[in-house]
Amino acid sequence: MSSPQPLPPLKGSQLVWATIALSLATFMNVLDTTIANVSIPSIAGDVGVSPSQGTWVITSFAVANAISVPLTGWLTQRFGQVKLFVTSILLFVLSSLLCGMATSLEMLIAFRVMQGAVAGPMIPLSQALLLASYPKAKSGLALAMWAMTTMVAPVLGPILGGWLSDNLSWPWIFYINIPTGLFAAWLTWTLLRHRESPTRRLPIDKVGLGLLVVWVGALQIMLDKGKELDWFASGEIVLLGVVALVAFAFFLVWELTEKHPIVDLKLFSRANFSVGVTALSLGYGLFFANVVLMPLWLQQYMGYTATWAGLVTAPIGVLALLMSPVIGKNIHRLDVRWVASFSFAVFAAVCFLRAGFSTDSDMGQIVFPQLLQGAAMATFFVPLTALTLSGLTPDRIPAASGLANFVRITFGAFGASVATTVWENRAAHHHARLTEHVTAFDPAAQQALGNLAGAGLNPQQALGALDRTITVQSFTLAADDFFWISGGLFVLLIGLLWLTKPNKAPGGAAADAGGAH
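So, a few notes on the structure that sits alongside this text. (Residues numbered from 1 in each chain as written. Predicted model: local features only at pLDDT ≥ 70, side-chain atom pairs only at ≥ 80, totals over all residues. Heavy atoms only, no water.)

A word on a nonpolar patch on the surface
Here's step 1: Together, V16, W17, I20, F183 and W186 give the surface a local cluster of nonpolar side chains, amounting to about 500 Å² of exposed area.
Here's step 2: Elements represented by at least two residues in the nonpolar patch include exactly α1 (12-34) and α11 (177-192).
Here's step 3: Under the relative-accessibility criterion, F183 is labelled partly exposed at 35%. (Patch = residues over 30% accessible without salt bridge, like charges linked within 9 Å, V, L, I, M, F, W, Y side chains within 5 Å. Areas by Shrake-Rupley, 256 points an atom, 1.4 Å probe, with all protein chains shown as cover. Salt bridge = Lys/Arg side-chain N within 4 Å of Asp/Glu carboxyl O. Helix = DSSP H or I, 4+ residues; strand = E, 2+ residues; numbered from the N terminus. Buried < 20%, exposed > 50% of the residue type's maximum accessible area, 1.4 Å probe, protein only.)

Shown next, in the form of structure tokens:
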């Protein structure tokens, strides 16, 4: 079957408003993945459960979202890009309203599952619709507009969520989606309903869908509960791991042999797609791991409040916003491998700077790497997304984007789980080493205990205070260890990028670069 001819690009104010509509929907979606994080204590207290049970509010969304994202390609062929995108937004608005009205944890989790499921197609389709709306020579700029929303939303999410929970109430973290979503849906339908993609009736790959639900669900729950249950020392985690692995193996075999697969795994036969997705996912997993670790360290061991931790990490958006349009506008003139290599080099430099943090680090020392990281963000999403989608016809972009985003989201969850586990394990190691010196024969330890005694503490209180000091030092040293590891891995990722071979088509778009199979 021949590929459909691409639609002519939008122009003038129509293009501007279409970009705003698609970006707003993406912003709302990405914001919702992080806005609930800081509100968990408020939600848990209000519905009468523990904060650890409250984390299912996050996990339930993540599981449902991870399962529905790779279905985008199949759903698009069945219903059309514009109809599916607008329907996803409207259902997201409805589920947000229901989340805010929930009166029990069970109700809230059910509505969060619904919210995550309907949100799946929104990010891949926003990419596909943006690329279809811009001229080919400006596809890099389109991706830059998209990337800016995905960079700003995770930064604003915790700050906005904390403010809404403190000053209004937790349901407002969901209610704010209603006006945003309705406006984005109306604007998208008004501008793009005449640019619907071709549809065809495809049979539902029920076996593939069932296997996808099983292995993704098992993997996501394993990642979420692993640290709490001491990973593979727990029979429950071992069982989840085995189920995920077996179901994944069957899923691979089935999807590669099925005539109408629910997920088009044959995309991985393209060198640029497979290497691009790998680099994007590993890079994002490392980035997200650091994003999770920084606020935890600042709040738990450096005395920062949730608001100040959010503000200290916020400067990441400054250079990202300033540089993204410039990179996007000129990406077709550049070899995307060099741009992405620059991104990984800056990420590595940021990690190495953080590896020098100590308990005496002031706000300026902490903010500077955050500011610098914005340059890495601006040169990360755009070239790697362009590389991943390079050489694909418009009808295959939703499936490719959905699959790439699915792998990226999964690696983000994996990175967060690994980061906190490695951090706590290294902290335990450093704590054991440091406490070896607290003896009657160590002058420094005796001096510290003497100072605490001079401040009016009895021997037991002095030992407790010293242990707290050692704990803070241990977790700081453990964070430094993780930053060193992250920096080294970012350096190694640079080599991976050069396994791709972008084409040098004169005047070609970034999205056309390198259609290597």
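Observations regarding the packing of helix α5 (residues 72-79) against helix α6 (residues 81-101)
Each pair of packed helices gets described by two things: the angle between the helix axes and the distance between those axes.
Here's step 1: α6 packs onto α5 with a crossing angle of 115° between their chain directions and a minimal axis gap of 7 Å. Judged by the inter-axis angle, α5 sits roughly perpendicular to α6. Contacts from T72, L75, T76 and F79 in α5 reach Q81, K83 and L84 in α6.
Here's step 2: When its residues are assigned to classes, the contact of α5 with α6 shows 3 nonpolar, 3 polar and 1 charged. (Axes fitted to C-alpha atoms, helices over the stretch in contact; angles between N-to-C directions. Parallel < 35°, antiparallel > 145°, perpendicular 65-115°, else oblique. Contact = heavy atoms within 4.5 Å. Nonpolar A, V, L, I, M, F, W, Y, C, P; charged D, E, K, R; others polar.)

Some thoughts on the packing of aromatic side chains
Here's step 1: Scanning the entire structure with this criterion turns up 24 aromatic pairs.
Here's step 2: Here the aromatic rings of W215 and F251 are separated by 6.0 Å at their centres, their planes lie at 50°, and the arrangement is tilted. Separated by 36 residues along the polypeptide, W215 in helix α12 (residues 206-225) and F251 in helix α13 (residues 235-257) bring together distant segments of the chain.
Here's step 3: Assessed through its relative accessible area of 9%, W215 is described here as buried.
Here's step 4: Between the aromatic rings of Y301 and F475, the centroid separation amounts to 4.4 Å while the plane-to-plane angle is 10°, which identifies the pairing as stacked. Of this pair, Y301 sits in helix α14 (residues 271-301) while F475 sits in helix α22 (residues 459-497); the two residues are 174 residues apart in sequence, bridging distant segments of the chain.
Here's step 5: The ring of F483 carries the charged tip of R354 above its face, separated from the ring centre by 5.9 Å. (Phe/Tyr/Trp six-rings, centres within 6.5 Å; stacked < 30°, edge-to-face > 60°. Lys NZ or Arg CZ within 6 Å of the ring centre and 35° of its normal.)

Focus on the nonpolar core
Here's step 1: Ranked by internal contacts, the top residues of the largest apolar core, which has 121 residues, are F344 and L384.
Here's step 2: The greatest single-element share of this core, amounting to 10 residues, is contributed by helix α9 (residues 139-167).
Here's step 3: With sequence-adjacent residues up to four places away left out, F344 is seen in contact with A279, G283, F380, L384, F490, L493, I494 and L497.
Here's step 4: W297, M302, V312 and F357 belong to the second largest nonpolar core, which has 21 residues in total. (Core = buried A, V, L, I, M, F, W, Y, C linked by side-chain atoms within 4.5 Å.)

Here's the deal with empty space enclosed by the protein
Here's step 1: With the rule as written, the count across this model stands at 1 cavity of 30 Å³ or more.
Here's step 2: Reported here for the largest cavity is a volume of approximately 60 Å³.
Here's step 3: In this structure, the largest cavity is lined by Q127, W146, L280, F381, T385, T388, L389, S401, A404, N405 and R408.
Here's step 4: Secondary-structure elements contributing two or more residues to the lining of the largest cavity are α19 (381-388) and α20 (397-435).
Here's step 5: Its residues assigned to classes, the lining of the largest cavity shows 5 nonpolar, 5 polar and 1 charged. (1 Å grid on protein atoms, 1.4 Å probe; cavity = no way out; pocket = protein on both sides within 12 Å on 5 of 7 lines; lining within 4 Å. Points joined across faces, edges and corners; volume = space filled by probe spheres on them.)

Thoughts on the side chain of T379
Here's step 1: Structurally, T379 is set in the loop between α18 (363-378) and α19.
Here's step 2: Taking relative accessible area as the criterion, T379 reaches 1% and is therefore assigned buried.
Here's step 3: In this structure the side chain of T379 is engaged in a polar contact, spanning 2.9 Å, whose partner is the backbone oxygen of A375.
Here's step 4: Filtering out sequence-adjacent residues up to four positions away, T379 remains in contact with M323, I327, V339, A340, F342 and S343. (Polar contact = N/O pair within 3.5 Å; in protein donor to acceptor, adjacent residues only side chain to side chain.)

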